[in-house]
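Close look at the chain arrangement
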Amino acid sequence: MSFDFSQRVLDIDSKAQEMTAPLFQRIDDISAENTKKVLAAFQRHRVSDTFFAGTTGYGYNDRGRQALDNICADIFGARSGLMRVGLISGTHAITCALFGALSPGQTLLYATGTPYDTLLSVIGVTGNYHGSMKQYGIDYAEVPVTETGLADLKAIKSAAAFEKVGVVAIQRSRGYSARASLTAGEIGEICDTIRSVNAHAAIFVDNCYGEFVELLEPGDVGADLIAGSLIKNPGGGLAPAGGYIAGRADLVENAAMRMTAPGLGSEAGATLGSNRYLYQGLFTAPHTVAQAMKTAVFCAACMDIMGYSAYPAWDTVRPDIIQRIEFGEPDSLIKFCRGIQRGGPVDSFVTPEPSDMPGYESQIIMAVGGFVQGASIELSADGPMREPYAAYMQGGLTFESGRLGILSAVREMLEGG
Ligand SMILES: *Cc1c(COP(=O)(O)O)cnc(C)c1O
């Protein structure tokens, strides 16, 4: 399919470009600051090309891996870090972090409503899998968000006060829910609230999609433990797989015991030639995140022009790279995702269909035309096939290609069969 768009699509394009151009300076400024932060961390840890060779077997004495762990800690405002392909995804990183911080008999408290879908089977809310937290005798509770989708500080204060609460978890991004994503400032406020009533619980932040969107990271505002995915923001589109954990030294080492094996911890794990991709991806990540932010702003403007409700609105400050669009009915959701797929660089000839996904409760439609399977720092869109039929669009390695992908979606919605 070509990019010879009809006049109708081009009119939406030029109007959206005109609306959004003034917002791009702020995005570039944040990228400039975060690039400085990453570059300084690389220099502080004396990154050298000998780090990129990697190890095999047990992976002992992998200097590249060790330095990357330390760089990860610096960037997320933490004492210790793990940035590893051995953490296979964000879900795995979060699982290791939470299991490392909790003991049987303790309670995991989610302070920001129901967590991301794939964590429900980890906790034991859904499914009854061997090795879930529930099976290990770890209890679960959550504080719902308020009617307007905000963190309920008063309710968090009373729920977090119990002695048995071992971890209070905060999810920075909204996931598949309608609540607002949290700014670093708001995360700081929640951390302070928790600390005012509970001195011992570890404060955990699921940082997925929030990395490098602002100047501060959760470790800068009071979080004890942080985790996320390398096929999202901090992988910069180059990491072939992986996840990261950062935080207090004891909590990160406990998580490493879960990642490898009790006794092995963070000292092992062959990198098999992946180091350079992780370094290079992290190095470009602040810029790549800026590209994704511009694509999201542009998408919101196009959808707004077409009369759909886009959240966040195109002209508001964003805490993450996710754009939610509510279609209200399945047909437009499907067309939007098909248009994104057709506008991408890989598998543009594929037609997405709603289907069941492991770890997810509803059928999901997904547009994933990326170089790394499932990478959502690359232009992608997905949505659960349930009311109110909302799509979650994110990514775009370059704004130039992101814009073409969005215009392809606009065309599919206006002119698709
Ligand atoms: C994507 C995501 C996860 C899971 O990360 P994967 O790499 O897909 O396993 C967890 N929490 C949130 C908020 C996410 O957006």
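These numbers were taken from a predicted model, which means no experiment stands behind them.

Here we come to the overall build of the protein. Scanning the protein from terminus to terminus reveals 11 helices and 12 strands. In summary, the protein has a C-alpha radius of gyration of 21 Å against a globular reference of 22 Å for 417 residues, a match within 12%. With respect to the three principal axes, the spread of C-alpha positions in the protein is 65 × 50 × 40 Å. Going through the 417 residues of the protein one by one, you find that 55% of them count as buried. Of the contacts formed within the protein by residues at least 6 apart in sequence, a portion of 70% connects residues at least 24 apart. Per element, the accessible surface of the protein, about 16900 Å² overall, is 54% carbon and sulfur. Charge separation in the protein, taken as the distance between the mean sites of 32 positive and 45 negative side-chain charges, equals 4 Å.

For the rest of this paragraph, the subject is the pairing of strand 7 (residues 243–247). Within strand 7, five of the five residues are buried, which leaves it mostly tucked inside the rest of the structure. The side-chain alternation of strand 7 yields two buried faces, one formed by Gly243, Ile245 and Gly247 and the other by Tyr244 and Ala246. Here strand 1 (residues 80–84) runs beside strand 7; their pairing, made up of five bridges, is antiparallel. Residue pairing in the sheet places Arg84 in a bridge with Gly243 of strand 7.

Moving on, we get to the site of the ligand. Looking at the ligand, the residues that line it are Ser89, Gly90, Thr91, Ile94, Tyr116, Gln171, Asp206, Cys208, Tyr209, Ser229 and Lys232. Within the side chain of Ser89, a nitrogen or oxygen atom sits 3.3 Å from an oxygen atom of the ligand. Contact between the ligand and Asp206: a nitrogen atom at 2.6 Å from a side-chain N or O atom of the residue. Across the complex, the protein chains shield 91% of the 380 Å² of accessible surface that the ligand would expose by itself. The cavity where the ligand resides is the largest pocket. With three residues, the single largest contributor to the shell around the ligand is helix 4 (residues 90–101). Residues that form the shell around the ligand fall into these classes: four nonpolar, five polar and two charged.

The next point concerns the sheet that holds strand 12 (residues 390–394). Taken together, five strands build an open sheet; the order of strands is 8-9-12-11-10 and the sheet is antiparallel. Looking along the sheet, the strands with just one partner apiece sit at the ends: strand 8 (309–311) and strand 10 (364–368). If you compare each strand with its neighbour and ignore which way they point, the axes differ by 20° on average. Sheet topology places strand 10 next to strand 11 (residues 380–384); five bridges connect them, and they run antiparallel.

On to the packing of aromatic side chains, then. Within the structure shown, the criterion is met by 14 aromatic pairs. Put simply, the rings of Phe42, Phe51, Phe52, Tyr279 and Phe283 touch in pairs and so form one group of aromatic residues. When the ring centre of Tyr116 is taken as reference, the NZ or CZ atom of Lys232 above it lies at 5.3 Å.

Here the largest pocket is characterised by a volume of approximately 900 Å³. Around the largest pocket, the lining comprises 37 residues; the ones closest to its centre are Tyr116, Ile231, Tyr360, Met366 and Gly374. Counting residues per element, the ones that place at least two in the lining of the largest pocket are helix 4, helix 5 (117–123), strand 10, strand 11 and strand 12. Taken together, the residues of the lining of the largest pocket sort by class into 17 nonpolar, 15 polar and five charged. In this structure, the second largest pocket occupies an estimated 220 Å³ of space. As for the second largest pocket, its lining consists of 17 residues, and the residues nearest its centre are Thr114, Pro115, Arg174, Tyr176 and Ser177. Its residues placed into classes, the lining of the second largest pocket shows six nonpolar, six polar and five charged.

Turning our eyes to something else, we now look at the packing of helix 4 against helix 8 (residues 249–259). Any two packed helices are characterised by the angle at which their axes cross and by the distance between the axes. The geometry of helix 4 relative to helix 8 is characterised by a closest axis approach of 7 Å and an angle of 115° between their N-to-C directions. The two elements helix 4 and helix 8 meet at a crossing, and its hand is right-handed. Of the residues in helix 8, those in contact with Cys96, Ala97, Phe99, Gly100 and Ala101 of helix 4 are Leu251, Asn254, Ala255, Arg258 and Met259. Here the contact of helix 4 with helix 8 is built from residues that sort into seven nonpolar, two polar and one charged.

Residue alternation in strand 2 (residues 107–110) divides its side chains into two sets, Thr107 and Leu109 and Leu108 and Tyr110, and both sets are buried. Here four bridges tie strand 2 to strand 3 (residues 139–142), and the two strands are oriented parallel to one another. The residue bridging Leu109 from the neighbouring strand is Ala141, located in strand 3. Following the backbone out of strand 2, through helix 5 and into the adjacent parallel strand 3, one traces a crossover that is right-handed. With four bridges joining them, strand 2 and strand 4 (residues 165–171) adopt parallel strand pairing. In the sheet register, Tyr110 faces strand 4, and the bridge partner there is Ala169.

Contact pair helix 9 (residues 275–305) / helix 11 (residues 399–415): the axes reach a minimum separation of 9 Å and the direction vectors enclose 25°. Viewed along their axes, helix 9 and helix 11 adopt a mutual orientation that is roughly parallel. Note that helix 9 runs across helix 11; the crossing there is right-handed. Of the residues in helix 11, those touching helix 9 at Gln291, Lys294, Thr295, Phe298, Cys299, Cys302 and Met303 are Phe399, Glu400, Gly402, Arg403, Ile406, Leu407, Val410 and Met413. Looking at the contact of helix 9 with helix 11, its residues break down into nine nonpolar, three polar and three charged.

The rules behind each value
Residues numbered from 1 in each chain as written. Predicted model: local features only at pLDDT ≥ 70, side-chain atom pairs only at ≥ 80, totals over all residues. Heavy atoms only, no water. Helix = DSSP H or I, 4+ residues; strand = E, 2+ residues; numbered from the N terminus. Rg over C-alpha atoms; globule rule 2.2 N^0.38 Å. Buried < 20%, exposed > 50% of the residue type's maximum accessible area, 1.4 Å probe, protein only. Contact = heavy atoms within 4.5 Å. Areas by Shrake-Rupley, 256 points an atom, 1.4 Å probe, with all protein chains shown as cover. Lys, Arg positive; Asp, Glu negative; His and termini not counted. Charge placed at Lys NZ, Arg CZ, Asp CG, Glu CD. Pairing = 2+ DSSP bridges. Near = heavy atom within 4 Å. Polar contact = N/O pair within 3.5 Å; in protein donor to acceptor, adjacent residues only side chain to side chain. 1 Å grid on protein atoms, 1.4 Å probe; cavity = no way out; pocket = protein on both sides within 12 Å on 5 of 7 lines; lining within 4 Å. Sits in = over half its atoms within 2 Å of the grid points. Nonpolar A, V, L, I, M, F, W, Y, C, P; charged D, E, K, R; others polar. Axes fitted to C-alpha atoms, helices over the stretch in contact; angles between N-to-C directions. Phe/Tyr/Trp six-rings, centres within 6.5 Å; stacked < 30°, edge-to-face > 60°. Lys NZ or Arg CZ within 6 Å of the ring centre and 35° of its normal. Points joined across faces, edges and corners; volume = space filled by probe spheres on them. Left-handed = near helix turned anticlockwise from the far one by under 90°. Right-handed = clockwise from strand over helix to strand, strands pointing away. Parallel < 35°, antiparallel > 145°, perpendicular 65-115°, else oblique.

These values are about where atoms sit, not about what they do.
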